[in-house]
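# Structural features, examined
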Amino acid sequence: MTRHFLDLADAGPDALRAMLADARSRKLTRSGWPKGKSDVDRPLDGHVLGMIFEKNSTRTRVSFDMAMRQLGGTTIILDGGTSQLGRGETIADTARVLSRYVDAIMIRTDDHAKAVELAEYASVPVINGLTDMSHPCQIMADLLTVMESKGRIDGLKWAWLGDGNNVLHSIIEAASLLNFEAWWGCPDDYQPDAKVIADARRRVAGTSNCDGITQAFTATAAAEDADVLVTDTWISMGQTHAEQKLAALAPFQVTEALMKHAKEDALFLHCLPAHRGEEVVDAVIDGPQSAIWDEAENRLHAQKAVLLWCLGKL
């Protein structure tokens, strides 16, 4: 059966833990190496990843390209403006054609349904590089960053501040799979998707984490005794009504005062790019508790493990 990675639940907890362990091991092995040097085993030698970009990208584009290079493979990049996708070719036809050319497909797009349709008609693995519903590759990097810093994932409290968006959806999903708490502080009009919450609570029902998927009604309630604080930009590409949204989200800005409600050794994470002075202040994002640069680097290492899992090498 073809292994797609559209959401974290596609892999399940055991596979996610195996991916994180492999990512950590390969990262440690490469310490001090040139970035372009291949891993010794070159497990994806001869493999090609097709990358579809319908949304702008820096980290996703570079990290997936470098991931394939380090694993011994290569990449091909397509975007809407220079491919037939931009002229109305169906997702299904694109999936059928690309499956004849490449060994796996990564898509970064707006509508999650496009990624689902691509996976339905592709005969090779499809990886979600970002959709409006979830961002599983980002959360794999976040999990790796927390594991490196804290030595564990289980039992920690993650606090999300701001917009109930795709990144939060994947954090909630991860919490329900890997036994940590996900708390979120979001304005009433910007809550996460109800189905995402319901699915997560159904997974943890009757477990030690049954109360770990929690809406907090203030920023301080979310941050209280948290091990990890996370936020994201409040205005995403293509969104309108910016002034109204910014006003609603202002009480959930991550400040030095808010960080003091978390544990003394709490980490601050942000998937970047950041709008400094909106969702987070400079003193936090550049401060001693910020792990954003490790987090950004870990996109590369985590995605190597995702690629290996999808292609049956892990």
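Just above, that's the structure.
Only a predicted model underlies this, so the values are computations on that prediction, with no experimental measurement involved. (Residues numbered from 1 in each chain as written. Predicted model: local features only at pLDDT ≥ 70, side-chain atom pairs only at ≥ 80, totals over all residues. Heavy atoms only, no water.)

## Describing the pattern of salt bridges
Using the following cut-off: The salt bridge definition used is simple: a Lys or Arg side-chain nitrogen within 4 Å of an Asp or Glu carboxyl oxygen. A run of DSSP states H or I qualifies as a helix once it reaches four residues; a run of E qualifies as a strand once it reaches two. Both are numbered from the N-terminal end.
Taken as a whole and assessed by the stated rule, the structure comprises 21 salt bridges. Salt-bridge contacts for D199 lead to K195; the nearest nitrogen and oxygen are separated by 2.8 Å. Of the two residues, D199 and K195 are both situated in helix α7 (residues 194–204); the distance of four residues between them amounts to about one turn of the helix. One salt-bridge network, in which partners are shared between bridges, spans D22, R26, R30, D39, D41 and K304.

## Overview of the packing of aromatic side chains
Condition: Under the pairing criterion, centres of Phe, Tyr and Trp rings, with the six-membered ring standing for Trp, must be within 6.5 Å; the plane angle then separates stacked pairs below 30 degrees from edge-to-face pairs above 60, leaving the rest tilted. Throughout this description, the term charge over a ring refers to an Arg CZ or Lys NZ atom that lies within 6 Å of the ring centre and within 35 degrees of the ring normal.
This model, assessed by the stated rule, comprises two aromatic pairs. Above the plane of the ring of W33 lies K37, whose end atom (NZ or CZ) is 4.4 Å from the centre. Seen from the ring of W183, K157 lies directly overhead, with NZ or CZ sitting 4.0 Å from the centre.

## Brief notes about unusual backbone geometry
Filter applied, for reference: Exposure categories follow from relative accessible area, calculated using a 1.4 Å probe and restricted to protein chains: below 20% of the type maximum is buried, above 50% is exposed, and the middle band is partly exposed.
Looking along the chain, the bond that leaves L272 and enters P273 is cis, with omega of 0°. Mapped onto the elements, P273 comes out in the loop between β9 (267–270) and α11 (282–285). Unusually for a residue other than glycine, N179 sits at a positive phi of about 65°. As for its position among the elements, N179 is in the loop between α6 (166–178) and β6 (181–185). Classification of N179 by relative accessible area gives partly exposed; the value is 30%. Even without being glycine, D225 reaches a positive phi, approximately 60°. Relative to the assigned elements, D225 resides in the loop between α8 (219–223) and β8 (228–231).

## Quick look at the nonpolar core
Selection rule: Among buried residues, the Ala, Val, Leu, Ile, Met, Phe, Trp, Tyr and Cys ones that are joined through side-chain atoms within 4.5 Å form a nonpolar core. Any pair of residues with heavy atoms lying within 4.5 Å of one another is described as a contacting pair.
F5, M19, M140 and L143 are the most contacted members of the largest nonpolar core, which totals 63 residues. If near-sequence neighbours (up to four positions away) are discounted, M140 is found in contact with F5, L8, L16, M19, L20, A302 and V306.

## Some thoughts on the sheet that holds β9
To be explicit about the condition: A pair of strands is labelled paired if DSSP reports no fewer than 2 bridges between them. Helix axes use the C-alpha atoms of the stretch in contact, all axes being lines fitted to C-alpha atoms, and the angles between their N-to-C directions lie in the range 0 to 180 degrees.
If you trace the five strands from one edge of the open sheet to the other, you get β7-β6-β5-β8-β9, paired in parallel fashion. One side of each edge strand has no neighbouring strand; the edge strands of this open sheet are β7 (213–216) and β9. The average undirected angle you get between the axes of adjacent strands in this sheet is 20°. On the sheet, α6 packs against β5 (157–161), β6, β7 and β8 and is oriented at approximately 150° with respect to β6. Set on the sheet, α7 makes contact with β6 and β7; between it and β7 the angle comes to about 135°.

## Examining the pairing of strand β4 (residues 126–130)
Here is the rule we go by: Looking down the strands as they point away from you, a crossover is right-handed if its path from the first strand over the helix to the second goes clockwise.
Most of β4 is tucked away, with five of its five residues classed as buried. Pairing geometry for strand β3 (residues 104–108) and β4, over four bridges, is parallel. Along β4, the bridge assignment pairs R108 with L130. Between the parallel pair β3 and β4, the chain is carried across by helix α4 (residues 112–121), and the sense of this crossover is right-handed.

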